[in-house]
Amino acid sequence: MKITLIKPNIGRQEHSLYVDEGRMEPLQLGVLAALIPEDIEVAFYDDRMEKIPFNEKTDLVAITVETYTARRAYEISGAFRKRGVPVVLGGMHPTLLPEEAALHADALYLGDAEYQWQQLIGDFRNGRMKKRYQAEVGVAQPGFIPRRDIFKGKGYLPITLMQFSRGCRYACTFCAVSSYFDKKHYTRNVREVVHEIEAQERKLVFFVDDNLIANHEAAKELFRALIPLRIRWVSQASIDMTRDPELMELMVRSGCLGHVVGFESIDPRNLKGMKKAPNLIRGFEHYDSQIRIIKDHGLQLWAAFTLGHDYDDWDSIRATTQFALDNKFCFAAFNILMPYPGTPLYDRLQAEKRLLYDQKWWLHPEYRFNHASFRPAQMAPDELTAACFEARSRFNSPASIFKRAFDLKTNMRSLYKLGIYASYNPLFRKETFKKQGMKFGLH
Ligand code: B12
Ligand code: SF4
């Protein structure tokens, strides 16, 4: 028996699929592969850079689906099902919107693979696969580690993705993670994480936790255990980390290079509206002191903003860009606020009749990546799209890349940090422009 695992692309430029040059290993498929019994053959294809061999013989296809890959995932599913191959869809999008995904699958898997994926495989073998598996969400990979051999030779960035925790205790209204994990945060056994790091060769790790420091004491336990491993690592963390000096110190000693930090907005009214609690603990007026603490620890930031909140307009978006430039962030993401299904933001905009593209932008043939999918309060949708593109263009311009390098506390703190800065900024610049306006799906 053979199972084929698939990571779908987002969409196309002109008439061919976009090729992601900054692609990373899809960890969820390493988890799925590790749970497949040894006597079953496993094939894995990543639609972001390789052709899916639809005619290759296989017994079952499993596709991981996020909202922005849903359209392409349904196309791939359709192509296999047309050939008589049954398809299972799982991941965040089907879990938050099962009725839609059910139209494109033989079986739906809702929740984390750790709990019932093996049950599904057993049922399939016995000819009794159900239409829907409703699994729990919780601790990542208890007692096992993902299979990373399936990623070999596919040209991924040389960084190992790993999880210590899943979920987040905060309730930001736009965040699909908060909905998927119902505002809960689950941490793994630290010894298992150490074992997983030792079982692979790389010394650079990306903890893809939604908020690595959502539980300070658990994070400290992890950091203490990482110190002897002498790795370097990056992650995602909320800015309230700066309140805890011991946490910061252990973080740096354990090899942290930096984090994706969700600043989201520089306007406290927006922060309140989106319930971005970790940023409001000290209030917006303290972003400066918080950034100073992070810089004093030498951490390079990937500052993430969501633009298009109710108090955003051209001026505020330009001021946000200036804020990012002035702080010489290593990287920054100027994401258009997206109403992801299953979030309170989606429900509110739907109730206020502000959603565009028949309410399902992710399936609409005219929707384009990085375009506004709702009516902002202070500007027209096209203006929001243009303002975000301007922000990305300014921040990623060659002059900005040159100027931002000159931050002695972070980007120029060591040759290694400068190397990260200099190699990834041009790559992200290129990808930013390549992705802009791409259509979803291939057809
Ligand atoms: C790491 C990460 C990235 C990495 C990419 C990693 C990679 N391998 O390519 C980077 C930083 C590049 C990234 C980029 C983006 N990301 Co991202 N990312 C994540 C993050 C933090 C972790 C994903 C992960 O690896 N989790 C670990 C694995 C093991 O868990 P998992 O994916 O949850 O899968 C489990 C279950 O869902 C289930 N499962 C999943 N699939 C399947 C399939 C089957 C068949 C079965 C049985 C089970 C199953 O079992 C798995 C194991 O338990 C998630 C947050 C999250 N919690 O999902 C956001 C997230 C997926 N990203 C998101 C977004 C929006 C983006 C961007 C579009 C942002 C942007 N505007 O540019 C881009 C687009 C990426 C692209 N292709 O260009 C959103 C998606 C929202 C949604 N509803 O779809 C998320 C949920 C973040 C959020 N807070 O909302 N991302
Ligand atoms: S702090 Fe980050 S991960 Fe947590 S709910 Fe808010 S946006 Fe989501």
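These numbers come from a predicted model, not from an experiment.

Quick look at the overall build of the chain now. Looking only at helices and strands, one finds 17 helices and 17 strands in the chain. When the backbone C-alpha atoms are referred to their principal axes, the chain occupies close to 60 × 55 × 35 Å. For the chain, the share of sequence-separated contacts (at least 6 apart) that also reach a separation of at least 24 residues comes to 74%. If you sum the accessible surface of the chain, you get close to 18,500 Å²; carbon and sulfur atoms cover 53% of it. The average position of the 62 basic charges and that of the 54 acidic charges among the side chains of the chain differ by 2 Å.

What follows covers the nonpolar core. Counting residues in hydrophobic clusters, the biggest one holds 92 residues, and the most contacted among them are Phe207, Phe223, Trp233, Met251, Phe263, Phe305 and Phe329. No other element matches helix 2 (residues 70-82), which puts six residues into this core. Looking at which domains feed residues into this core, each of domain 1 (2-134) and domain 2 (149-440) supplies at least three. When neighbours within four sequence positions are excluded, Met251 is seen to be in contact with Ile213, Phe223, Trp233, Met241, Cys256, His259 and Leu299.

We now examine the domain arrangement of the chain. Domain assignment breaks the chain into domain 1 (2-134) and domain 2 (149-440). Tallying the contact residues gives 38 residues for domain 1 and 36 residues for domain 2. By the criterion of area lost to domain 2, the three top residues of domain 1 are Met24, Glu25 and Arg71, representing 20% of everything that side buries. Inspection of the domain 1/domain 2 interface yields seven salt bridges. Taking the shortest distance from any N to any O, the salt bridge between Asp112 and Arg166 comes out at 2.8 Å. Mapped by element, the contributors of at least two residues to the side of domain 1 that touches domain 2 are strand 2 (11-13), helix 1 (27-35), strand 4 (41-46), helix 2 and helix 3 (92-96). When the residues that make up the side of domain 1 that touches domain 2 are grouped by side-chain class, the tally is 17 nonpolar, nine polar and twelve charged.

As a further point, take the packing of helix 7 (residues 190-198) against helix 8 (residues 216-226). With their axes 10 Å apart at the nearest point, helix 7 and helix 8 run at an angle of 35 degrees to one another. Along this stretch, helix 7 crosses helix 8, giving a crossing that reads as right-handed. Contacts between helix 7 and helix 8 involve Val190, Val193, Val194 and Ile197 from the first element and Glu221, Leu222, Ala225 and Leu226 from the second. Taken together, the residues that form the contact of helix 7 with helix 8 break down as seven nonpolar, no polar and one charged.

Let's shift gears to the sheet that holds strand 17 (residues 439-440). The antiparallel open sheet is built from three strands, whose spatial order is 3-2-17. Pairing within the sheet leaves two strands with one partner each, and these edge strands are strand 3 (16-17) and strand 17. When strand 2 meets strand 17, the two strands line up antiparallel, connected through two bridges. By the bridge assignment for strand 17, Arg12 is matched with Lys439.

Every residue close to ligand 2 is listed here: Cys168, Tyr170, Cys172, Phe174, Cys175, Ser178, Asp210 and Lys276. By residue class, the composition of the shell around ligand 2 is five nonpolar, one polar and two charged.

With that out of the way, let us pick up the site of ligand 1. Close to ligand 1 lie 37 residues, the nearest being Gln28, Thr64, Thr67, Glu114 and Lys435. In the environment of ligand 1, a nitrogen atom lies 2.7 Å from a nitrogen or oxygen atom belonging to the side chain of Thr64. Contacts to ligand 1 include Thr67, whose backbone N or O atom sits 2.8 Å from an oxygen atom. Sorting the residues of the shell around ligand 1 by element identifies helix 1, strand 5 (60-64), helix 5 (113-125) and helix 6 (176-180) as the ones contributing at least two each. Tallying contributions element by element places helix 1 first for the shell around ligand 1, with four residues. Looking at the shell around ligand 1, its residues break down into 20 nonpolar, nine polar and eight charged.

Moving on, we get to the sheet that holds strand 9 (residues 160-162). A sheet is described by the order of its strands in space; here six strands give the open sequence 9-12-13-14-15-16, paired in parallel fashion. In the strand order of this sheet, the two ends are held by strand 9 and strand 16 (331-336), each with one partner. Ignoring which end each strand starts from, the neighbouring axes of this sheet average 20 degrees apart. Note: strand 13 (residues 232-236) against strand 14 (residues 256-264), four bridges, orientation parallel. Counterpart to Val234 in the pairing with strand 14 is Gly258.

A few words on the layout of surface pockets. In this structure, the second largest pocket spans a volume of roughly 340 Å³. Lining the second largest pocket are 16 residues, with Glu25, Arg148, Lys152, Gln200 and Arg202 sitting closest to its centre. Here the residues of the lining of the second largest pocket sort into five nonpolar, four polar and seven charged.

Definitions and limits used
- Along each chain, residue indices are assigned from 1 in the same order as the chain's sequence is written.
- As they are written, the chains are lettered A onward and the ligands numbered 1 onward, keeping that order.
- For this predicted model, a pLDDT threshold of at least 70 governs which residues receive local features, and a threshold of 80 or more governs which side-chain atom pairs are given and counted, while totals over whole chains, interfaces and linings are taken from all residues.
- Working from all heavy atoms in the structure, the side-chain values ignore hydrogens and water.
- Runs of H or I in DSSP of at least four residues are treated as helices and runs of E of at least two as strands, each being numbered from the N terminus.
- Throughout, a residue-residue contact means that at least one pair of heavy atoms, one from each residue, lies within 4.5 Å.
- Residue-level accessible areas treat just the shown protein chains as cover; the underlying method is Shrake-Rupley with a 1.4 Å probe.
- We score Asp and Glu as negative and Lys and Arg as positive, and we do not count His or the chain ends.
- Note that the charge is assigned to NZ on lysines, CZ on arginines, CG on aspartates and CD on glutamates.
- The term nonpolar core refers to a set of buried residues drawn from Ala, Val, Leu, Ile, Met, Phe, Trp, Tyr and Cys, joined through side-chain atoms within 4.5 Å.
- Residue exposure (1.4 Å probe, protein chains only): buried if accessible area is under 20% of the type maximum, exposed if over 50%, otherwise partly exposed.
- The domain boundaries here were taken from an automatic or database domain assignment.
- Note: buried area is the sum, over both parts, of the accessible area (probe 1.4 Å) each one loses when the two are combined.
- Basic side-chain nitrogens of Lys or Arg form a salt bridge, by our definition, when they fall within 4 Å of a carboxyl oxygen of Asp or Glu.
- In this classification, the charged set is Asp, Glu, Lys and Arg, the nonpolar set is Ala, Val, Leu, Ile, Met, Phe, Trp, Tyr, Cys and Pro, and all remaining amino acids, among them Gly, are polar.
- Interaxial angles span 0 to 180 degrees and are taken between N-to-C directions of axes, which are lines fitted to C-alpha atoms, for helices over the stretch in contact.
- Handedness of each helix crossing follows the sense of rotation of the near helix against the far helix: counterclockwise by less than a right angle gives left-handed, clockwise gives right-handed.
- By the convention used here, strands pair only if DSSP detects at least 2 bridges between them.
- We call a residue near a molecule or strand as soon as one heavy atom of that residue lies within 4 Å of the molecule or strand.
- We call two N or O atoms a polar contact when they sit within 3.5 Å, provided that within protein one can donate a hydrogen and the other can accept it, with sequence-adjacent residues counted only if both atoms are side-chain atoms.
- Detection works on a 1 Å grid of protein atoms alone, calling trapped sets that fit a 1.4 Å probe cavities and calling open sets with protein on both sides within 12 Å along at least five of seven lines pockets, with lining residues defined by an atom within 4 Å of a point.
- Grid points are joined across faces, edges and corners, and a volume is the space filled by probe spheres set on the points.

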